[in-house]
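# Topology and contacts: notes
Single-letter residue listing:
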Amino acid sequence: MPEFRCVSPKEFDSIIDEQFFRDEHELLESRFFDRQDRIIARVVRYLDEEGELVPEADLMLAVYTGED
C-alpha cells in the first residue's frame, strides 16, 4: 500500500488528468486508480461536531516506493 502526501488542487488535478482510469467513492473517502489498478490519489473528507461534512478536504497523491 502506498503512502500519501497532501497536495494542492492544481497538482492533484494534473495527476488525475494524466493517469485516472476509474474511481471508488465512500462517504468520507474517494479513491482514484490508474489502468494498472493502482491507487494514484484520494480525497479525504471530514465531519464537524454535528456530523455534517465540512467543506474542506485533503487532496492526496500516492507515493510508491520500490517495495510496492
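Within each chain, residue numbers correspond to sequence positions counted from 1 in written order. Predicted model: local features are reported for residues with pLDDT of at least 70 only, side-chain atom pairs are reported and counted for 80 or more only, and whole-chain, interface and lining totals are derived from all residues. By convention in this description, side-chain values take in all heavy atoms of the structure and omit both hydrogens and water.

To continue, consider the environment of V43. Only runs of H or I of at least four residues qualify as helices and only runs of E of at least two qualify as strands under DSSP, and these elements are numbered from the N terminus. Among the structural elements, V43 can be located in strand β4 (residues 39–47). Since its relative accessible area comes to 8%, V43 is described here as buried. Separated by 13 residues in sequence, V43 and S30 place their C-alpha atoms 5.1 Å apart. Each residue is assigned to one of three classes by its accessible area relative to the maximum for its type, calculated with a 1.4 Å probe on protein chains only: buried under 20%, partly exposed between the two thresholds, exposed over 50%.

The next thing to look at is the pattern of salt bridges. Any Lys or Arg side-chain nitrogen located within 4 Å of an Asp or Glu carboxyl oxygen qualifies as a salt bridge. Following the criterion strictly, the structure yields eight salt bridges and no others. Salt-bridge contacts for R22 lead to E24; the nearest nitrogen and oxygen are separated by 3.0 Å. The salt bridge involving R22 is made with D37; its shortest N-O contact spans 2.6 Å. On the criterion of sequence distance, the pair formed by R22 in strand β2 (residues 22–25) and D37 in the loop between β3 (29–33) and β4 is long-range, its members being 15 residues apart. Several salt bridges share partner residues, and in doing so they unite R22, E24, E26, E29, R31, D37 and R42 into one network.

Another aspect to go through is the sheet that holds strand β1 (residues 3–6). What the five strands build is an open sheet, ordered β1-β5-β4-β3-β2; its pairing is antiparallel. Looking at strand neighbours, the two that pair on one side only are β1 and β2, the edges of this open sheet. This sheet shows a mean twist of 25 degrees between the axes of neighbouring strands, independent of strand direction. At least two DSSP bridges between two strands are needed for those strands to be called paired. Pairing analysis gives five bridges linking β3 to β4, with the strands arranged antiparallel. Counted as the bridge partner of F33 is I39 from β4. When checking whether two residues touch, look at their non-hydrogen atoms; a contact exists if any pair is within 4.5 Å. Angles here are taken between N-to-C directions and fall from 0 to 180 degrees, while the axes themselves are lines fitted to C-alpha atoms, restricted in helices to the stretch in contact. In the packing of helix α1 (residues 9–19) onto the sheet, the strands contacted are β1, β3, β4 and β5 (53–63), and the crossing angle to β4 comes to about 135 degrees.

It is worth spelling out the pairing of β2 at this point. Note that β2 and β3 share four bridges and pair antiparallel. From the neighbouring strand, E24 faces β3, where its bridge partner is R31. Counting the residues that bridge the hairpin from β2 to β3 gives three residues.

Bear in mind that shape data such as this cannot, by itself, settle questions of function.
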